[in-house]
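# Coordinates in review
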Amino acid sequence: MKKGDKILTTHTVNQLVKLRRRTSARALRRTLVVLFPFVLVGTFAQLIIDTLLMPDSFLYSILYLDRWVNPSVTRTLAKGFFVLNTVTIGMIGLYAAYAMAMYTAKLYHRDAQMAGLTGLMAMLMLAYRVSQNSRGNLDWMITSYGNLFSALIIGYLVGQSFRWLGKPRREEINNHLDDVFERTYGAFKPMFLVFAVTLVLSVLLNLASYYSVVSQLYGSLQTVDDGNQPVWLKLLVILLSTSLNWLGLGGPYYNGDLVLDSSQASADLTYLLAHHGSGAVPYPYLTSVLQKSFANFGGPGLTLALLIALIFVTKQQNYHRLIRTNLIPVLFNSDYGFAVGLPVLLNPIYLIPVIVLPFVNLAIASLGIAWHWYPTPVYPIPQGTPGILYAFFGTNGNWVALLMTLGLLALDVACYVPFVKLALRVTNVVQDLDQEEK
């Protein structure tokens, strides 16, 4: 490594270490560690539903479950795993708001328990929707993984309110009744502020829900699906998808399941069926089709490549335990557990590859189609199919498309390696500094 490059790397590490040691970053890392087991359980539940228990799923078709398993059994199991997924990932925003508020307040030596409960109640207030008949329900989109970023922000702001308005908590305080009363009354000011602000926001959100503002906004974004929009707009939506995935912020495309070219993809499939699977399709370069076929390995941020890069780079037992528990879900494009456990979520080190690498894959895959190495993948595939097999099945078993997929995966792994090394170096420095402070 040249001297200038070494100085630049050292400067980058120092800046990232400073960022990691900020109170907000420390509270975030602690929160994600606490959330990880819940997200992992929910990820496996969703994985089993999507790949095994649905009639149109990948493993359901391969194992011919309809021939030797009663459909009522799979439906009952699917309901059970759906409940498990709902109380884990489906409510992860509630847990995130609680933990983030608790750890933020704790780092400032405030009442962490009261801050956590306040954050939880604030999140519930924002998620509660009152209908015309005054019967309410929770907006699960707000409390789920799809809005994890919002929950973390709410929890952090609640923790900050306890920092400025709450009373410092004495270390010698115990759990006698008088001490509990003291904690309760000491939390009144920040609780009142949080509930007042949350009440105003809740009213505005309920008005927006009543007048279908959010639905209309999502509907306008869904107009990109008509297949007649310019390519640059579709690429912009893919960029939005990967960015939202990194943020943990929900939206119509946050999970990478893009359908930007639905009408054009249907036209391509109709053409192939009419010409017995041969000939040049009308629309060979469909952005969403190429994205799902060549730029969605493990998730929209190419999480499978990141996981493999981590295998090659690190020998630490904790990371290999994380890899073992997340390998199967990531292989089937369920990267929630890995994104929280590593974490990829809100980690500035991984922002560049998460956004840039999918576009590199799209460009190279488009060249392969232009040079007639393989056709455009337009055949429908089962739900829950691993991302590395999407192009193979989508081209009706074209081996060159599979080789291109594996080649792109290898390229992505190589590109992720320096970022993984940088992340591990930053983590080691932070751990050393934390040990010195003990």
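What counts and what doesn't
Residues numbered from 1 in each chain as written. Predicted model: local features only at pLDDT ≥ 70, side-chain atom pairs only at ≥ 80, totals over all residues. Heavy atoms only, no water. Helix = DSSP H or I, 4+ residues; strand = E, 2+ residues; numbered from the N terminus. Buried < 20%, exposed > 50% of the residue type's maximum accessible area, 1.4 Å probe, protein only. Contact = heavy atoms within 4.5 Å. Phe/Tyr/Trp six-rings, centres within 6.5 Å; stacked < 30°, edge-to-face > 60°. Core = buried A, V, L, I, M, F, W, Y, C linked by side-chain atoms within 4.5 Å. Lys, Arg positive; Asp, Glu negative; His and termini not counted. Salt bridge = Lys/Arg side-chain N within 4 Å of Asp/Glu carboxyl O. Polar contact = N/O pair within 3.5 Å; in protein donor to acceptor, adjacent residues only side chain to side chain. Expected span 1.5 Å × (residues − 1). Arc of directions from axis to C-beta. Axes fitted to C-alpha atoms, helices over the stretch in contact; angles between N-to-C directions. Parallel < 35°, antiparallel > 145°, perpendicular 65-115°, else oblique. Left-handed = near helix turned anticlockwise from the far one by under 90°. pLDDT = per-residue confidence, 0-100.

### Points about the overall build of the chain
- Each helix and strand counted, the chain has 21 helices and 2 strands in total.
- Counting across all 438 residues of the chain, residues that qualify as buried make up 46%.
- Contacts spanning at least 24 positions in sequence make up 74% of the contacts within the chain whose residues lie at least 6 apart.

### Here we look at the side chain of T198
- You can see T198 is positioned in helix α11 (residues 188-210).
- Residue classification places T198 among the buried positions, given a relative accessible area of 6%.
- Ignoring anything within four residues of it in the chain, the contact list for T198 reads A122, M125 and L126.

### Quick word on the packing of aromatic side chains
- Counted under the stated rule, the structure contains 8 aromatic pairs.
- Ring geometry for F38 against Y95: centres 5.6 Å apart, planes inclined by 40 degrees, an arrangement best described as tilted. Taken together, the residues span a long stretch of sequence, with F38 in helix α2 (residues 23-53) and Y95 in helix α6 (residues 92-107) at a distance of 57 residues.
- On the basis of relative accessible area, Y95 is assigned to the partly exposed category, the value being 28%.

### Side note on the nonpolar core
- Y145, L148, L342, Y350 and Y416 are the most contacted members of the largest nonpolar core, which has 84 residues in total.
- A total of 13 residues in this core trace back to one element, the largest contributor, which is helix α21 (residues 399-437).
- Sequence-distant contacts of L342, that is, excluding residues within four places in its chain, are made with R29, L306, L310, Y319, L322 and Y350.

### Concerning the environment of P282
- Mapped onto the secondary structure, P282 falls in the loop between α14 (262-274) and α15 (287-294).
- In this structure the C-alpha to C-alpha distance between P282 and D268, which are 14 residues apart in sequence, comes to 6.0 Å.
- When near neighbours in sequence (up to four residues on either side) are disregarded, P282 contacts A267, D268 and Y271.

### Examining the side chain of D335
- The topology assignment puts D335 in the loop between α17 (317-331) and α18 (336-341).
- In this structure, D335 is buried with no salt-bridge partner, the nearest side chain bearing the opposite charge being K292 at 16 Å.
- A polar atom in the side chain of D335 sits 2.9 Å from the side chain of T303.
- D335 has contacts with N245, G298, G299, T303 and V330, leaving out every residue within four places of it along the chain.

### Description of helix α5 (residues 71-88)
- Its 18 residues place the ends of α5 26 Å apart at the C-alpha level, agreeing with the 26 Å of an ideal helix rising 1.5 Å per residue.
- Among all positions in α5, only T74, A78, N85 and T88 are buried. Projected down its long axis, α5 carries its buried residues within an arc of 85 degrees, all on one side. With respect to the buried face of α5, the exposed residues turned more than 90 degrees away are R75, T76 and K79.
- Buried residues belonging to α5 abut α2, α3 (58-62) and α6.

### Re the packing of α2 against α5
- Interaxial distance between α2 and α5 falls to 8 Å at its minimum, and their mutual angle equals 155 degrees. Considering the angle they form, α2 stands roughly antiparallel to α5. Note that α2 runs across α5; the crossing there is left-handed. Contacts between α2 and α5 pair F38, V41, G42, A45, Q46, I48, I49 and L53 from the former with T74, L77, A78, F81, F82, L84, N85 and T88 from the latter.

### What to know about unusual backbone geometry
- Note the cis peptide between L342 and P343, where omega equals -5 degrees.
- By secondary structure assignment, the location of P343 is in the loop between α18 and α19 (351-370).
- For L302, which is not glycine, the phi dihedral falls at a positive 55 degrees.
- Counting through the fold element by element, L302 comes out in the loop between α15 and α16 (303-313).
- Although it is not a glycine, L346 adopts a positive phi angle of roughly 60 degrees.
- Mapping L346 onto the fold places it in the loop between α18 and α19.

### So, the environment of L152
- The topology assignment puts L152 in helix α9 (residues 148-165).
- With relative accessibility at 3%, the residue L152 sits in the buried group.
- Residues L152 and L94 lie 58 residues apart in sequence; the distance between their C-alpha atoms is 9.5 Å.
- Ignoring sequence-local partners within four residues, the contact set of L152 consists of L28, T31, A96, M100 and L346.

### Details of α19
- Under the 1.5 Å per step criterion, the end-to-end length of α19 is 30 Å for 20 residues, consistent within 8% with the ideal 28 Å.
- Looking only at α19, the buried set comprises P353, V354, I355, L357, P358, N361, L362, A365, G368 and I369.
- Where α19 terminates, the next one or two residues include H372, which has phi positive at roughly 60 degrees.

### Considering the confidence of the model for the chain
- When pLDDT is averaged along the chain, the result is 85; 84% of the residues meet or exceed 70.
- Element-level pLDDT for the chain is lowest in helix α12 (residues 213-222), with a mean of 58, against a maximum mean of 96 in α16.
- Within the model, pLDDT remains below 50 along residues 251-256, and this stretch shows 27 contacts once partners closer than five positions in the same chain are excluded.

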